[in-house]
Amino acid sequence: MPVIIPYVPRTITVHLGLPNQWAENVTVTFPDYVKNVASSEIYPTWEPAAIRANVLAIISFALNRVYTEFYPSQGYNFQITSTTQYDQKFIRGRNIFENISQVVDEIFNDYIRRQGFVEPLAAKFCNGTTSKCAGLSQWGSQELAQQGANSVEILRHYYGNDIELVVDAPIQDISPTYPRTPLRLGSVGVSVTAVQTMLNRISQNYPAIPKISPVTGVFEEDTREAVTTFQRIFNLTPDGVVGKATWYKMVYLYSGILQLAELVSQGQTIVTVLFQFAGPLEEGDSGPEVGILQYMLALLAQFDNSLSPIEVDGEFGPSTAQAVRVYQQLVGLTPNGYVNETTWNSIYSNFALADYFLRRDTVRAQSLQEDAVPVMAQSAAPPAGPDRWSGTSRISQYPGSPLNLGQSDDRREGRRGVKV
């Protein structure tokens, strides 16, 4: 699936039964869902640290179901079920314990994840007495709390030392990943990048699907060939067009192969797929590489008025050359309009930051302690020179340095955060 920054849904739809059996669906606010599950799963008399640890596990598991589109990708019209056989215990109309309600109100948009991974941890748990599992033991968490462990120590005891707490995740309505219109020859953008990335990973398990190299974000003949082969293998209409059915089949397989919905997930890393440098470009050139260059410059133009918007047409004309020269001057490169590897990598680094943080546009600034990871970091107004995009006036979310493969969010010491 594409790289999507996890968010907390305002509401979540719960299926009151097994996934493949008829049952009523109910839609409740996400905090009310967590309060219901926590009141059904644990005891209000437990130590505060145990309650907090269990609530974080409940939140993370539910957010993982939303993030991976676990049920929608299988054709269901709900996000989670009410049965512990598949998910978490939800009892419609049950009473909610006051102290549990207060904890949920405080941390309902916090979750745990593995360091360097995007997806909320599929934090499975069991009671630890009549049932045991590889995840958190509910009664065991109470014993640890009674011994003085805090919530993060409890969670790390069961899920490993490589987990981290993310706080103040953005809150928004459920947003399906399908781009709403089919992708076909000529389509350009991050949704095409997502298709190419998913197909390349799926092809490792299904070698008949041809690799798409490099990943460009431009839907060309090689992408159509890979899509058509994928569709034939999985009994979809082999038209080479990525409609909703094809998209969600890819999402389902990609998530399954990476085990994103499992405790042993291979992980969705915090990266934007690399737009590889294919060779120098100059005025008069044409082709998909020019289209990628234009796409990156067009996005950056949304963040700086000095860069005029340009058309993504694959033709390196005067307007593209001028956009390159202006960019080069802004970042301290020779303003010659010639795109060598240095210019390309500079454009890509800033594009990757812009694309990544544009997805987090609704998040507010927060100072955090060592055990908590900010979803974003506040920065000042844009400086002049090479680091001008390190603080963008539009969204004020840049950390000031490029993101690298496997890099996680900043966890510098001395930050203030929620209690754990």
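Per chain, residue numbering runs from 1 following the sequence as it is written. With pLDDT at 70 or above as the cut-off, local features in this predicted model cover only qualifying residues; side-chain atom pairs require 80 or more to be listed or tallied, and sums for whole chains, interfaces and linings still use all residues. Here the side-chain values reflect all heavy atoms present in the structure, with hydrogen atoms and water set aside.

1. A closer look at the pattern of salt bridges
One speaks of a salt bridge when a side-chain nitrogen belonging to Lys or Arg is within 4 Å of a carboxyl oxygen belonging to Asp or Glu. One pass over the structure, following the stated rule, counts eight salt bridges. For the salt bridge of Arg92 with Glu24, the shortest nitrogen-to-oxygen distance reads 3.1 Å. In this pair, Arg92 sits in the loop between strand S4 (80-81) and helix H3 (98-107) while Glu24 sits in the loop between strand S2 (11-15) and strand S3 (25-29), placing the two residues 68 residues apart along the sequence. Here's how the labels work: a residue is buried when its accessible area is under 20% of the maximum for its type, exposed when over 50%, partly exposed in between, all with a 1.4 Å probe on protein chains only. When its relative accessible area of 39% is taken as the criterion, Glu24 is described as partly exposed. Working definition: helices are DSSP H or I runs of at least four residues, strands are E runs of at least two. Numbering for both runs from the N terminus.

2. Details of the packing of helix H6 (residues 190-202) against helix H8 (residues 244-258)
Under this scheme, a helix contributes an axis fitted over its contacting stretch, all axes are lines through C-alpha atoms, and angles between N-to-C directions fall in the 0 to 180 degree range. Packing of H6 against H8 leaves a shortest axis separation of 10 Å and a crossing angle of 50°. The angle between H6 and H8 places the two elements in the oblique class. Helix-helix and strand crossings are classified by hand; for H6 and H8 the assignment is left-handed. Each of Ser191, Ala194, Val195, Thr197, Met198, Leu199, Arg201 and Ile202 in H6 lies in contact with H8, whose residues at this interface are Trp247, Met250, Val251, Leu253, Tyr254, Ile257 and Leu258. Throughout, the term roughly parallel applies to angles under 35 degrees, roughly antiparallel to angles over 145, roughly perpendicular to angles from 65 to 115, and oblique to all others. By the definition used in this description, the sense in which the near helix is turned from the far one sets the handedness, with an anticlockwise turn below a right angle giving left-handed and a clockwise turn giving right-handed. Residues count as neighbours in contact if any of their non-hydrogen atoms are within 4.5 Å of one another.

3. Details of the confidence of the model for the protein
Scored by pLDDT, the protein comes out at a mean of 81, with 80% of its residues at no less than 70. Confidence of the predictor in every single residue is expressed as pLDDT, which spans 0 to 100. Scored below 50 in pLDDT, residues 270-274 makes 23 contacts in the model with residues more than four places away or belonging to other chains.

4. As for the packing of helix H9 (residues 288-301) against helix H10 (residues 318-331)
The interhelical angle for the contact between H9 and H10, taken along N-to-C directions, is 55°, at an axis separation of 11 Å. It follows that H9 is oblique to H10 by the angle criterion. Seen along the crossing, H9 lies across H10 with a hand that is left-handed. Packed against H9, whose contacting residues are Leu293, Gln294, Leu297 and Leu300, the element H10 presents Thr320, Ala323, Val324 and Tyr327 at the interface. Residue polarity follows a fixed list, in which Ala, Val, Leu, Ile, Met, Phe, Trp, Tyr, Cys and Pro are nonpolar, Asp, Glu, Lys and Arg are charged, and the others, Gly among them, are polar. In terms of residue class, the contact of H9 with H10 is made up of six nonpolar, two polar and no charged.

5. Some thoughts on the sheet that holds S3
On the basis of which strands lie adjacent, the open sheet formed by three strands has the order S3-S2-S4 and mixed pairing. Only two strands of the sheet have a single partner each, and these edge strands are S3 and S4. Bridge count between S2 and S4: two bridges; the pairing is parallel. Counted as the bridge partner of Val14 is Ile80 from S4. Contacts between helix H1 (residues 30-41) and the sheet are confined to S2, S3 and S4, with S3 contributing the most and set at about 105° to the helix. Here a strand pair is declared whenever DSSP counts at least two bridges between the two strands.

6. Some thoughts on the packing of aromatic side chains
Pairing of aromatic rings covers Phe, Tyr and the six-membered ring of Trp, with a centre-to-centre limit of 6.5 Å; geometry is then stacked below 30 degrees between planes, edge-to-face above 60, and tilted otherwise. Under the criterion given, the structure shown has twelve aromatic pairs. Between Tyr43 and Trp46, the ring centres sit 5.8 Å apart and the planes meet at 45°, which makes this aromatic pair tilted. With relative accessibility at 6%, the residue Trp46 sits in the buried group. Three or more aromatic residues joined by ring pairs make a cluster, and in this case those are Phe70, Tyr71, Tyr76 and Phe78.

7. A few points about H10
The span you would expect from a helix comes to 1.5 Å times its residue count less one. In this model, H10 (14 residues) spans 20 Å end to end at C-alpha, consistent with the 20 Å of a helix rising 1.5 Å per residue. All of the buried residues in H10 are Thr320, Ala321, Ala323, Val324, Tyr327, Gln328, Leu330 and Val331. Residue Gly332 follows H10 closely and has a positive phi angle near 90°.

8. Some points on the nonpolar core
Grouped together as the largest cluster of nonpolar side chains are 52 residues, with contacts concentrated most on Phe30, Tyr33, Val55, Ile154 and Tyr159. If you tally residues by element for this core, the top one is helix H2 (residues 48-67), at 13 residues. Setting aside anything within four residues of it in sequence, one finds Val55 in contact with Val34, Ala38, Val103, Val104 and Ile107. In this description, a nonpolar core means a group of buried Ala, Val, Leu, Ile, Met, Phe, Trp, Tyr and Cys residues linked to one another through side-chain atoms lying within 4.5 Å. Among the nonpolar cores identified, the runner-up in size contains 27 residues, and Leu299, Phe303, Ala323 and Phe351 belong to it.

9. Concerning H8
Its 15 residues place the ends of H8 21 Å apart at the C-alpha level, agreeing with the 21 Å of an ideal helix rising 1.5 Å per residue. Along H8, the residues that are buried comprise Thr246, Trp247, Tyr248, Met250, Val251, Leu253, Tyr254, Ser255, Ile257 and Leu258. Gln259 lies just past H8 and shows a positive phi near 55°.

10. What to know about the environment of Gly135
Structurally, Gly135 can be placed in the loop between strand S6 (125-126) and strand S7 (136-137). Residue Gly135 is classed as buried on the basis of its relative accessible area of 7%. Between the alpha carbons of Gly135 and Tyr158 there is a distance of 5.9 Å; along the sequence they are 23 residues apart. Those residues within four positions of Gly135 in sequence are excluded, and the remaining contacts are Lys124, Tyr158, Tyr159 and Leu263.

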